[in-house]
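Fold and contact review
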Amino acid sequence: MLDERISARFDPGALATWTPTRTFFVDPDVCRRYAAATNEADPDAWATGVAPPLVGVVATVPHVHIVLQRNLPGQARAENRSVHGEHDVRYHEPMVPGSTLEVRGRLYGVRPRSTGTALITQVEMADPGSGRVVQEQFFVNFLRGVMTDEAIGQEPAPHRLPDAASLPEPSATARYSVDADQTFRYADASEDRSVYHLDDAAARAAGFDGIIVHGLCTMAFASRAVVQHACGGQAGRLRRLAVRFSRPMYPGHAMTTTLWSSSRDDPPERFRFQVTDDQGVTVITDGLAEAGPQADNGEGE
């Protein structure tokens, strides 16, 4: 039964074990298709210049699957106990269509929680010539009912939304429609064909109201608002994008991203945001975006 608890111990030695390095060609056509699958207004524009902010998941998700396969107890894997709870992307340099990157991942940390365990995977994408890390992604998977007494490795960097009293009036809102076929298009573009996004019966059997939108697809929609309002429309200025997935988003509805320019303790280049659906349910919370300076040529530095 899913509510049965599983005792687990995680090997600290796994923290130093990287997945095999794989080469990722940032295919302009993949960038174009990913942009189209997340309803960007001009998908062709993302095939040159700077790649879509979330297109890297095409290369990073397989490494997360390897880390989970290596570290999850067999029963937890068989019962699909893992839920993608948080995601944090660090943009050290813009990802450029037509470039080639080397990708690898590792177990970054494990933290016990009251009803399960948070398992954090780090995936880095580096320039093969210089070794410079272009982008890092941190996946936090919550393992339902998997219980451990020992924390290992590192915590993910915090990005909790401050108390409402510390936030100013919202600086911007953006409303986007989520199409009825969104999950099928996103699955093709991202190569994430998880059953709950494509099979209504399977989604309902898992307790959802029907097929749910990929969390990373919802995050990609939010990134459109962030790039427009926090980065002045220049994706190359994006330095960090972090979220917590709080509720599922459903196809055929609309989502609204609300941004705050800063709280009392935030520097001016830091923005907070959250995403709600058209029923007022918060589907992404603890959103944090950081923008870099604008270069003289109008692009991000």
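Refer to the preceding data block for the structure.
Quick summary incoming for the structure in this document. This is a predicted model, so every value here is computed, not measured.

Quick look at the pattern of salt bridges
If charged atoms from side chains of opposite charge come close, those side chains can pair. For the coordinates displayed, the defined rule picks out 16 salt bridges. Glu124 is the salt-bridge partner of Arg104, the closest N and O atoms lying 2.9 Å from each other. Residue Arg104 is found in strand β4 (residues 100-113), and its partner Glu124 is found in strand β5 (residues 116-126); the two are separated by 20 residues along the sequence. Ionic pairing is found between Glu155 and Arg113, a salt bridge with its closest N-O pair at 3.8 Å. Of this pair, Glu155 sits in the loop between β8 (152-153) and β9 (172-177) while Arg113 sits in strand β4, and the two are 42 residues apart along the sequence.

Section: the packing of helix α1 (residues 28-37) against helix α4 (residues 182-190)
Two elements in contact, α1 and α4, have axes whose closest approach is 9 Å; the angle formed by their N-to-C orientations is 165°. Relative to α4, α1 is oriented roughly antiparallel. With respect to the hand of their crossing, α1 and α4 are arranged in left-handed fashion. Of the residues in α4, those in contact with Arg33, Tyr34, Ala36 and Ala37 of α1 are Gln182, Arg185, Tyr186, Asp188, Ala189 and Ser190.

Some words on α4
When we look at burial in α4, the residues that qualify are Gln182, Thr183, Tyr186, Ala187, Ala189 and Ser190. For α4, the elements touching its buried residues are α1, α2 (57-71), β9 and α6 (215-230). The positive-phi residue at the C-terminal boundary of α4 is Glu191, with phi of around 65°.

A look at the packing of aromatic side chains
Scanning the model with the defined rule gives four aromatic pairs in all. Cation over ring: Arg104 sits above Trp18, and NZ or CZ is 3.8 Å from the ring centre. Residue placement shows Arg224 over the ring face of Phe221; its charged tip is 5.4 Å from the ring centre.

Considerations on the pairing of strand β12 (residues 270-277)
Buried residues dominate β12, accounting for seven of its eight residues. The pairing of strand β11 (residues 254-260) with β12 spans six bridges and is classified as antiparallel. Pairing of Leu259 across the sheet is with Phe273, part of β12. Strand direction decides the pairing type here: β12 and strand β13 (residues 282-291), joined by six bridges, are antiparallel. By the bridge assignment for β13, Arg270 is matched with Glu290. Once β12 ends, the chain turns through four residues before running back antiparallel as β13, passing Gly280 with a positive phi of about 85°.

Examining the nonpolar core
Within the largest apolar cluster, 67 residues are counted, with the highest numbers of intra-cluster contacts made by Leu54, Leu119, Met219, Leu241 and Phe273. Per-element accounting of this core gives the leading share, nine residues, to α6. Here Met219 is in contact with Leu54, His87, Val89, Leu241, Val243, Phe245 and Ile284, once residues within four sequence places are set aside.

Reading the values: the criteria
Residues numbered from 1 in each chain as written. Predicted model: local features only at pLDDT ≥ 70, side-chain atom pairs only at ≥ 80, totals over all residues. Heavy atoms only, no water. Salt bridge = Lys/Arg side-chain N within 4 Å of Asp/Glu carboxyl O. Helix = DSSP H or I, 4+ residues; strand = E, 2+ residues; numbered from the N terminus. Axes fitted to C-alpha atoms, helices over the stretch in contact; angles between N-to-C directions. Parallel < 35°, antiparallel > 145°, perpendicular 65-115°, else oblique. Left-handed = near helix turned anticlockwise from the far one by under 90°. Contact = heavy atoms within 4.5 Å. Buried < 20%, exposed > 50% of the residue type's maximum accessible area, 1.4 Å probe, protein only. Phe/Tyr/Trp six-rings, centres within 6.5 Å; stacked < 30°, edge-to-face > 60°. Lys NZ or Arg CZ within 6 Å of the ring centre and 35° of its normal. Pairing = 2+ DSSP bridges. Core = buried A, V, L, I, M, F, W, Y, C linked by side-chain atoms within 4.5 Å.

Such coordinate-based values are descriptive only and should not be taken to indicate function.
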